[in-house]
Amino acid sequence: MFIQPWDAGLDEAEWQTWITEGHDFGVLSVNSLHGHPPIAVPTHFTSDGPHLLVHLARPNPVWKAIEHDPNVVLTVTGDYAFIPGHWRAKVGTPPTDGVPTSYYTAVQFTCRAHIVDDPEAKAELLRRQLAHFQPDGDHAPVAVDDPPYGRMLPGIRGLSLEVTEVLAKFKYDDHKPVEHRTAVADHLTARGQGLDAPTARQQRRRLDRIGPWKP
């Protein structure tokens, strides 16, 4: 992922906070076999220290590829919006001279995948995921020998993704003047479509932390 200096994460806490704010769905990319295109799998995930936890159906085509090459990437994107050109025109130039762009946050985890097949280890992986996604505990116990999960465990395999590198990108025109960034955030709030509101919040948050861009 290409990251301009002004789009880089300010520190680890920035992307970690963004992930914990509900950005727990991404695309797992796996190197395919025999020169075929990479396999991309949309999936929820949970964090477990330096690992990300995923489970997928046993028939999923990723397993042979991961056994051949365990190096994978999980990419999470969000808070994105299309920014029309006339919002970005320089002061004193015609609005039609402005060039459009995209705003977004992306966090990319490079990982070494470890397959989880032991029944009790898979059950524990599901317990950790349910603790995250259903923290009220409104579900049956996850036990190897008890329904409903016990009979379903053979149909899945788990993945413990050992994170080896994290790239974080916050693309919100942080190299532009403060007045420009403030105006675009106001435009996003006024337009109010799709993810305009969280995109505007990200731009204002970065503006508060960075202020005028200093190379």
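Residues numbered from 1 in each chain as written. Predicted model: local features only at pLDDT ≥ 70, side-chain atom pairs only at ≥ 80, totals over all residues. Heavy atoms only, no water.

Draft legend 1. Spotlight on the overall build of the chain. Of the regular secondary structure elements, the chain holds six helices and seven strands. Listed N to C, the secondary structure of the chain is α-β-β-β-β-α-β-β-α-α-β-α-α in terms of helices and strands. Within the chain, the fraction of its 215 residues that count as buried is 40%. In the form shown here, the chain has an accessible surface area of approximately 11,700 Å², with 57% of it arising from carbon and sulfur atoms. Across the chain, the mean location of the 21 positive side-chain charges is 6 Å away from that of the 27 negative side-chain charges. (Helix = DSSP H or I, 4+ residues; strand = E, 2+ residues; numbered from the N terminus. Buried < 20%, exposed > 50% of the residue type's maximum accessible area, 1.4 Å probe, protein only. Areas by Shrake-Rupley, 256 points an atom, 1.4 Å probe, with all protein chains shown as cover. Lys, Arg positive; Asp, Glu negative; His and termini not counted. Charge placed at Lys NZ, Arg CZ, Asp CG, Glu CD.)

Draft legend 2. Representation of the packing of aromatic side chains within the structure. The final tally for this structure, using the stated rule, is four aromatic pairs. Look at tryptophan 6 and tryptophan 213: their rings are 6.2 Å apart centre to centre, the planes differ by 85°, and that puts the pair in the edge-to-face class. Taken as a pair, tryptophan 6 in the segment before helix H1 (12-20) and tryptophan 213 in the segment after helix H6 (196-210) lie far apart in primary sequence, 207 residues in all. Here tryptophan 15 and phenylalanine 109 contribute two aromatic rings whose centre-to-centre distance is 5.6 Å and whose plane-to-plane angle is 75°, an arrangement assigned as edge-to-face. (Phe/Tyr/Trp six-rings, centres within 6.5 Å; stacked < 30°, edge-to-face > 60°.)

Draft legend 3. Quick peek at the sheet that holds strand E4 (residues 51-57). On the basis of which strands lie adjacent, the open sheet formed by seven strands has the order E2-E1-E5-E6-E7-E4-E3 and antiparallel pairing. Two strands close off the open sheet at either side, each with one partner strand: strand E2 (39-44) and strand E3 (46-48). Each strand axis lies, on average, 35° off the axis of its neighbour in the sheet, ignoring direction. Relative to strand E5 (residues 71-83), strand E1 (residues 25-30) runs antiparallel, the two being bridged by four bridges. Bridge pairing in E5 links valine 27 to threonine 75. (Pairing = 2+ DSSP bridges. Axes fitted to C-alpha atoms, helices over the stretch in contact; angles between N-to-C directions.)

Draft legend 4. Main features of the side chain of glutamine 202. Mapped onto the secondary structure, glutamine 202 falls in helix H6. A residue is classified by how much of its surface remains accessible, and glutamine 202, at 7% relative accessible area, is buried. Leave out the neighbours within four places in its chain, and glutamine 202 touches Trp18, Asp79, Thr105, Phe170 and Tyr172. (Contact = heavy atoms within 4.5 Å.)

Draft legend 5. Region of interest: H1. Along H1, the residues that are buried comprise Glu14, Trp15, Trp18 and Ile19. Taken around the axis of H1, the buried residues stretch over an arc of 130°, which confines them to a single face. Opposite the packed face of H1, turned more than 90 degrees from it, sit the exposed residues Glu12 and Thr20. Each element contacted by the buried residues of H1 is listed here: E5, strand E6 (101-116), strand E7 (156-171) and H6. The N-terminus of H1 is capped by aspartate 11, whose side-chain oxygen sits 3.3 Å from the backbone nitrogen of alanine 13. Just past H1, the residue glycine 22 takes up positive phi, approximately 110°. (Arc of directions from axis to C-beta. Polar contact = N/O pair within 3.5 Å; in protein donor to acceptor, adjacent residues only side chain to side chain.)

Draft legend 6. Expanded view of helix H3 (residues 119-133). In this model H3 runs 21 Å from its N-terminal to its C-terminal C-alpha over 15 residues, within 8% of the 21 Å that 1.5 Å per residue would give. Listed in full, the buried residues belonging to H3 are Lys122, Ala123, Leu125, Leu126, Gln129 and Leu130. Viewed end-on, H3 has its buried residues packed into an arc of 160°, placing them on one side of the element. Summarising the contacts, the buried residues of H3 are in contact with E2, E3, E4, E6, helix H4 (149-152) and E7. (Expected span 1.5 Å × (residues − 1).)

Draft legend 7. Examining the nonpolar core more closely. With 35 residues, the main nonpolar core has Leu28, Phe109, Leu159 and Leu161 as its most contacted residues. The contact partners of leucine 161, leaving out residues within four places of it in the chain, are Leu28, Pro50, His51, Leu52, Val54, Val72, Cys111, Arg112 and Ala113. The next biggest cluster of nonpolar side chains, apart from the first, holds six residues, and it includes Ala123, Leu126, Leu130 and Ile156. (Core = buried A, V, L, I, M, F, W, Y, C linked by side-chain atoms within 4.5 Å.)

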